[in-house]
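# Observations on the three-dimensional arrangement
Now for the letters of each chain:
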Amino acid sequence: MSINKRNLILPRILSWGSLILFLSASVVSSIMIKNNLEEQGRLALENKAQLIQQMINDSFDTYTVRQPVATRALFDSSDYVSAKEFHDFYSSIDVKKNFPGISYVGFSRYVKNSEEGNLIKEMRLEEGHDLENFNIFPGTNNNFIAPIVYLEPDDNRINTAIGFDVLSEPNRSEAIGESIDSGKFILSEKVTVYPSEKLGFIGYLPVYNKKINASSTVEEKRSNVYGIISTVFEIDSLFGNFSEALNSLVLEYLDIEVFEDSDISDNGLLYDYFPTKGKITNSENFSAEVKKSLSLGRKEFTLVVSSTAGLISPSFKIMPYILLAVGCIFGLFLFLIFNLAGSVYIRAYKLADTMTKNFRESEEKYRLIFMDSKDAIMTSSPEEGFLSGNPATIKLFGCRDEKEFISMAPYDLSPEYQPDGTPSKQKALKMMNLAMDKGSAFFEWTHKKVNGTEFPATVLLSRIEIGGKKFLQATVRDITKEKEAENAKSEFVSLASHQLRTPLTATKWLIELLLEEKRGKLTEGQRDLLKEVHGSNEGLISLVNDLLSVNKMEMGKLVVSPKNLDLIDLSKKIVKENEIFCSQSQKIIFSSQKEFLNVFIDSLLYTQALQNLIANAIIYGGKETDIIVSIKNNDKEAEVSVKNFGPSIPKEDQAKMFEKFFRGERAKKENVRGTGLGLYMVKESVEANKGRVWMESNEKETTFYFTVPINGSNSVIKDKIASK
């Protein structure tokens, strides 16, 4: 029967059209997913920048505002503060230790120019201070003078500044005037800090006579100034202290810059913190930048946080390329099976449309999660519990006011147990003591509102020390929406994998139908080509199945069903089933210390782990070598090992063997087909059965080990069952 060539025109058009359209859809979807990942990175950077901005504001308040306020309280508590009292006060608070970034602190008397002589006599008679030769310099025609009379810490290098009139320099005089009128801590313009000759700032805070109060007018404040407190710090030291506070965050690949006012240039750059500069490779490039305003001491700064990498999960970076590869191979199937091009095209188009829709829905969810994040800040100590809480804290926990919040202990605002089964009270005290000891602690926590509602949060505990007393500052952020976003990502992977499996299974059936020659005889060339396509299709099906398994593990939906079984008998069956995959010169040798070993585990997880290790040993062990599977045991656990005598695994690869998507150099060189998920699933399966996994490799042999607890678990393993 002859074939009408005209009947082939439409299938060929559909075949080529389907191929072009599906490849185009795959490329577009890959680009859109990649753009979405970059948008996630930018949103993550915005969130980081907001937290950094808050931490800098808090650090500045702690180290540069509270210190002069404490000094003003010293003067307010007495009619006269002597040089000795001033010195003793600063020795007690230990400026260098408790207020990093501050170079020194001075106090200037504020008097009329006509009273200069009386002030000189008074200071020369001052006890407890070497001021016999006190003089005021450089001398001005101002109506008022403000010479430095006390200067701490007591250092011969800077004591030459005692007697210097701080009103003699215009930029300082302007800041002092604003400070007197407002009663607030005000920063000067940039100055050269003596004796380091580095750039810095001077902050000023006025001390008034007793009759001044909060309702006093500007004129009353100006006429009742007793003195000026000066706080001097170097820019590098001040922002360097901020950097130490920021180290408690994950700042890898972040460049933090602070500029004066809005001058975003080299001239306006005050500070640059880039802990991983020079460690970024071209494959990690991702550029984004966020600007935030800082108002410190009523002086405006600009915070610029930029990132070049590290804000996108490595497992999601590979998704666009997986999608593109699947698109190319699937398009080839369509071209070969041209008589089914129309139906396959419809499925592919629906798949691309579904993926695009899910992508857009996920993008909107992520945007809402990051834009609506709220932070609560509070102080506490292990001995006294909560000491204070900001309005966001009160709102977060649903308290009536701060008084109600302070009356509670940290574990009162938590469920009885944390998700890992640890009592909240026990774990809360442990984390607080850890932060007190190490300086900071960052962890996830399940909190509880006053009404009993539970929610997940991240907690950053930072130790602060004031006047020799240690406290904890906690920053709590509700991550309910972030948790929902993680589930959304996993749902996306699951949906995409399920949608791919349907056409792949149909393609497998059609190829097998052609190979059975039920649609006509095949030439040898056609048969070989279809066999090759069939093998590629099987590889894709394996990849999709592995992705679904990994996704189930990561989503916490892996249900473990342990039961009593004989480990020796189960292992023998697994070995027997895998012998058919050995070459003619290979064989699997099984040995065990006992004939029977009762355990309480999930048999499917155990089978998956042992089968994967045996399969690897068959592939990499050499076609003429044996594979040894053995089981040893003690009172607590059984040790299962799979040994092959192939080439060794390089040391630099050994530490990464159980990571997701990792493939060693040998697998790449020998072009061994695989997904890089097998050993990752071995690790997850073993740990789900409460075991451990590791490996050893030398020039003669490579052995993979994992353990099975003898006593097992007396219930379904808690931490691998979905909470939903």
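Residues numbered from 1 in each chain as written. Predicted model: local features only at pLDDT ≥ 70, side-chain atom pairs only at ≥ 80, totals over all residues. Heavy atoms only, no water.

Below, the discussion takes up helix 5 (residues 170-182). The end-to-end C-alpha distance of helix 5 is 18 Å, a good match for the 18 Å that 13 residues give at a rise of 1.5 Å each. Contacts from the buried residues of helix 5 go to strand 5 (186-187), strand 6 (191-193), strand 7 (198-208), helix 6 (218-223) and strand 8 (225-234). Count one or two residues on from helix 5 and you reach G183, which has phi positive near 75°. (Helix = DSSP H or I, 4+ residues; strand = E, 2+ residues; numbered from the N terminus. Expected span 1.5 Å × (residues − 1). Contact = heavy atoms within 4.5 Å.)

The next subject is the environment of S648. Looking at the element boundaries, S648 is found in the loop between strand 22 (637-644) and helix 18 (651-654). Taking relative accessible area as the criterion, S648 reaches 32% and is therefore assigned partly exposed. Measuring from C-alpha to C-alpha, the distance between S648 and T703 comes to 9.9 Å, with 55 residues separating the pair along the chain. When residues no more than four places from it in sequence are discounted, the contact partners of S648 are S697, N698, E699 and T702. (Buried < 20%, exposed > 50% of the residue type's maximum accessible area, 1.4 Å probe, protein only.)

A few words now on the sheet that holds strand 13 (residues 375-381). To summarise the sheet geometry, strands pair through backbone hydrogen bonds and adopt either a parallel or an antiparallel arrangement. Spatially, 14-13-17-16-15 is the arrangement adopted by the five strands of the open sheet, whose pairing is antiparallel. Only two strands of the sheet have a single neighbouring strand rather than two, namely strand 14 (385-389) and strand 15 (440-448). Shown here is a sheet whose adjacent strand axes are inclined to one another by a mean of 35°, direction ignored. Bridge count for strand 16 (residues 454-466) against strand 17 (residues 469-478) is ten bridges, and the pairing is antiparallel. Paired with L461 across the two strands is A474, which belongs to strand 17. Helix 13 (residues 424-438) contacts strand 13, strand 15, strand 16 and strand 17 of the sheet and is inclined by roughly 160° relative to strand 15. (Pairing = 2+ DSSP bridges. Axes fitted to C-alpha atoms, helices over the stretch in contact; angles between N-to-C directions.)

Here we take up the nonpolar core. The biggest cluster of nonpolar side chains holds 48 residues, and the ones touching the most others in it are F86, F107 and F134. Other than its neighbours up to four places away in sequence, F134 contacts L119, I120, M123, R124, P147, I148, V149, I162 and G163. If you look at the next biggest cluster of nonpolar residues, it comprises 37 residues, including I568, L570, A617 and F662. (Core = buried A, V, L, I, M, F, W, Y, C linked by side-chain atoms within 4.5 Å.)

Right, let's get into the packing of helix 16 (residues 567-578) against helix 17 (residues 603-620). Viewed as axis vectors pointing N to C, helix 16 and helix 17 meet at an angle of 40°, and their least axial separation amounts to 10 Å. One element, helix 16, and the other, helix 17, form an angle in the oblique class. When you trace helix 16 past helix 17, the crossing you get is right-handed. Residue-level contacts link L567, L570, S571, I574, V575, E577 and N578 of helix 16 to S603, Y606, T607, L610, Q611, I614 and I618 of helix 17. Split into classes, the residues belonging to the contact of helix 16 with helix 17 amount to eight nonpolar, five polar and one charged. (Parallel < 35°, antiparallel > 145°, perpendicular 65-115°, else oblique. Left-handed = near helix turned anticlockwise from the far one by under 90°. Nonpolar A, V, L, I, M, F, W, Y, C, P; charged D, E, K, R; others polar.)

Here we take up the sheet that holds strand 10 (residues 269-273). Taken in spatial order, the four strands of this open sheet run 10-9-12-11, and their pairing is antiparallel. One side of each edge strand has no neighbouring strand; the edge strands of this open sheet are strand 10 and strand 11 (288-296). Mean inter-strand twist for the sheet, computed between neighbouring axes without regard to direction, equals 20°. Where strand 9 (residues 254-260) lies against strand 10, four bridges are found, and the strand directions are antiparallel. Paired with E257 across the bridge in strand 10 is D272.

Right, let's talk about the confidence of the model for the chain for a bit. Of the residues in the chain, 70% reach a pLDDT of 70 or more, and the chain-wide mean stands at 77. For the chain, helix 10 (residues 341-371) is the element with the lowest average pLDDT, namely 50, and strand 24 (residues 702-709) is the one with the highest, namely 94. Counting contacts from residues 341-346, a segment whose pLDDT is below 50, to residues more than four positions away or on other chains yields eleven contacts. (pLDDT = per-residue confidence, 0-100.)

Turning our eyes to something else, we now look at the environment of K469. Mapped onto the fold, K469 is located in strand 17. If sequence neighbours within four positions are ignored, K469 has contacts with E384 and I464. Of the polar contacts made by the side chain of K469, one reaches the side chain of E384; its length is 3.1 Å. (Polar contact = N/O pair within 3.5 Å; in protein donor to acceptor, adjacent residues only side chain to side chain.)

Let's shift gears to the packing of aromatic side chains. Going through the model one piece at a time under the given rule, you end up with 19 aromatic pairs. Between F658 and F704, the ring centres sit 6.1 Å apart and the planes meet at 85°, which makes this aromatic pair edge-to-face. Linking F658 in the loop between helix 18 and helix 19 (665-669) with F704 in strand 24, this pair joins segments that are 46 residues apart in sequence. The burial state of F658 is the same as that of F704; both residues are buried. Among the aromatic residues, those joined into a cluster by ring pairs are F75, F86, F89, Y90, F107, Y150 and Y226. (Phe/Tyr/Trp six-rings, centres within 6.5 Å; stacked < 30°, edge-to-face > 60°.)

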